[in-house]
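Per-entry structural report
Listed here are the chains, written in short residue letters.
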Amino acid sequence: MKSAVETLNPTRVRLTVEVPFEELKDSLDAAYKKINQQVSVPGFRKGKIPARLIDQRFGRGAVLEEAVNDALPKLYQSAVDEGELNVLGQPEVDITELKDNELLAFTAEVDVRPEIEIPDYSGIEAEVDAVEVSDEDVDKAVEQLRERFASTSVVERAAGDGDVVKIDLEAKIDGEVLEDGVAQGVDYTIGSGELLDGIDEAVTGLEAGGSATFASELKGGSGAGREAEVSVTVESVSARELPELDDEFAQMASEFDTLEEVREDSRKRLADQKKYEQATQAQEKVLDALLELTEVPVPEKLLADEIESRKHNLVNHQLGQLGLDLGSYLKMQDKSEEEFDAELKEQAEKGIRTQFVLDELVSKEKLNVSQEELTEHLMRRAQSSGMSPDQFAQAVVEGGQVPVLVGEVARGKALATVVEAVTVKDTNGEVVDLSDEDGEDGAAETEAAAETAEAAAEGDEKSGAEKAEG
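Fair warning: this is a prediction, and the values are worked out from it, not measured in the lab. (Residues numbered from 1 in each chain as written. Predicted model: local features only at pLDDT ≥ 70, side-chain atom pairs only at ≥ 80, totals over all residues. Heavy atoms only, no water.)

Secondary structure summary: the chain contains 15 helices and 11 strands in total. Taken over C-alpha atoms, the radius of gyration comes to 32 Å for the chain, far larger than the 23 Å a tight globule of 470 residues would show. A principal-axis box enclosing the C-alpha atoms of the chain has dimensions of 95 × 60 × 40 Å. Evaluated residue by residue, the chain yields a buried proportion of 38% over its 470 residues. A sequence separation of at least 24 residues applies to 70% of the contacts in the chain between residues at least 6 apart. When the accessible surface of the chain is split by element, carbon and sulfur atoms take 45% of a total near 26600 Å². (Helix = DSSP H or I, 4+ residues; strand = E, 2+ residues; numbered from the N terminus. Rg over C-alpha atoms; globule rule 2.2 N^0.38 Å. Buried < 20%, exposed > 50% of the residue type's maximum accessible area, 1.4 Å probe, protein only. Contact = heavy atoms within 4.5 Å. Areas by Shrake-Rupley, 256 points an atom, 1.4 Å probe, with all protein chains shown as cover.)

Listed below in structure tokens is the structure:
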């Protein structure tokens, strides 16, 4: 076999392959054997029909077609290996010559991963929010804890802000009750904003048995994105009673003996959370700066496939689970289809560029993934999927997805490597040290960077769907 590689552009090549007919012998033998099992000829047992008789009865062309179909994938892969190509996606194959007992020639055009020159990134500077926890932040956290231990009791009075009402709902569009527009016995806290727009005003001032009607745009279901006439009836009104903020509350709501200890613990938790958010912010800004510095050609077909995949996932999975179609979603987001398509293209392109750059860094820095890092990543992915670690691990192995997870962790390590090499300052002008404070092997830092890299690669379709749900 002879093969040659022609570079069409930085992301696409054409392979030209010539194969002497003797190299197709195994595929020809397999073709005769397969046809033998599929046809019948009087006087011969199945599988025992001579090759010359198959040629006479069914045509040599059928045999050649079967043999070429069998041989092409292997010949193409050999040409790819010989050319040391890093191919992306499926090739477009064109058989240019097929001479029986002489020669098979074909071309294959395919996208390839572009060669990327990683620039000196040590000069990157990023500014992030300072880690500051105010007394007001602590007060709010303690109040949220207090809210969790609130009790309710039915009261004989009109409903007001903060009360819990049990309500029945009925939604109509154009005078017709929607098939999924009836709900009964729904508990709702007035002022929480967890139901329809306009519900607070409608139920405030109503006593048990009272009813009201209001107009609201539905967020989900068959009428999503459309304005409906909603009838609400209050079954009962309950007042919420909050416990006193004292040491007795601290002992009831936590492992601490005093309220002051609860406040200090809240302050520490808030600081840890802000540090994590600060690290994520740094990773996002550094990654954006690195992408801006690096020239990354994006294969057109790969980009088109990625856009289509993202759109299909959003419309058929994320929005479908919310009972929304694309039109309703765009109306809720106040976007035109052109704006949506432009954003989707931008996200897809950034995702591809992110993977290319970080993968190149993995290769350049010779980064390896430890078992501990892979296990930690697997645990997080299992948690986000709602599966147990064992179930998720089994699904990953059976689906052949272990290399995908390894790649995600490796890209996280690449991003962490860049972040450690650049200058990050907070809004107070202080240099931020994002290294692992516990002196461990940095698995937590790598995992956080892996999440950031994943988010950049996946884009914002998911968060957009979550906003629609909210």
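Let us look at unusual backbone geometry. The phi dihedral of Asp 174 falls on the positive side, at around 55°, and the residue is not glycine. Positionally, Asp 174 belongs in the loop between strand E7 (164–173) and strand E8 (176–189). With phi around 55°, Asp 334 is a residue other than glycine that occupies positive phi space. Within the secondary structure, Asp 334 sits in the loop between helix H9 (326–333) and helix H10 (337–365). Owing to a relative accessible area of 69%, Asp 334 belongs among the exposed residues under this scheme.

Here we take up helix H3 (residues 60–82). With 23 residues, H3 should reach 33 Å at 1.5 Å per residue; the first-to-last C-alpha distance of 31 Å fits that figure. Of all the bends in H3, the largest measures some 35° and sits at Ala 71, one to four residues before the proline Pro 73. For H3, the full list of buried residues reads Val 63, Leu 64, Ala 67, Val 68, Ala 71, Leu 72, Leu 75, Tyr 76, Ala 79 and Val 80. Positive phi shows up at Glu 84, right after H3, with a value of about 50°. (Expected span 1.5 Å × (residues − 1). Bend = angle between axes of the 7 residues up to and from the residue.)

Another point: the nonpolar core. Within soluble globular proteins, side chains that are nonpolar generally end up buried alongside one another. Core analysis: the largest hydrophobic core is formed by 35 residues, its most contacted members being Tyr 121, Leu 290, Val 357, Leu 358, Leu 361, Val 418 and Val 422. The set of elements that each furnish at least two residues to this core consists of strand E5 (125–128), helix H7 (259–293), H10, helix H13 (402–421) and helix H14 (443–458). Take this core: its biggest share by element is seven residues, from H10. In this structure, this core is formed jointly by two domains, domain 2 (122–150 + 249–295) and domain 4 (367–462), each of which donates at least three residues. (Core = buried A, V, L, I, M, F, W, Y, C linked by side-chain atoms within 4.5 Å. Domains from an automatic or database assignment.)

For the chain, the domain assignment lists domain 1 (2–111), domain 2 (122–150 + 249–295), domain 3 (151–241) and domain 4 (367–462). On a C-alpha basis, the centroid separation for the pair domain 2 and domain 3 is 35 Å.

Looking at where Lys 34 falls in the secondary structure, it is placed in helix H1 (residues 25–38). Sequence separation between Lys 34 and Val 63 is 29 residues; the distance between their C-alpha atoms is 9.4 Å.

Moving on, we get to the packing of H7 against H10. Direction vectors running N to C along H7 and H10 enclose 90°, while the axes themselves pass 11 Å from each other. Put simply, H7 runs roughly perpendicular to H10. On H10, the residues touching Leu 287, Asp 288, Leu 290 and Leu 291 of H7 are Lys 350, Arg 353, Thr 354, Val 357, Leu 358 and Leu 361. Looking at the contact of H7 with H10 residue by residue, the class counts come to six nonpolar, one polar and three charged. (Axes fitted to C-alpha atoms, helices over the stretch in contact; angles between N-to-C directions. Parallel < 35°, antiparallel > 145°, perpendicular 65-115°, else oblique. Nonpolar A, V, L, I, M, F, W, Y, C, P; charged D, E, K, R; others polar.)

Turning to the sheet that holds strand E1 (residues 2–9), a few remarks are in order. In space, the four strands of this open sheet follow the order E1-E2-E4-E3, with antiparallel pairing throughout. Among the strands making up the open sheet, the edge pair consists of E1 and strand E3 (87–99). Between one strand axis and the next, the sheet turns by 20° as a mean value, whatever way the strands run. In terms of strand pairing, E1 meets strand E2 (residues 12–20) through seven bridges, oriented antiparallel. (Pairing = 2+ DSSP bridges.)

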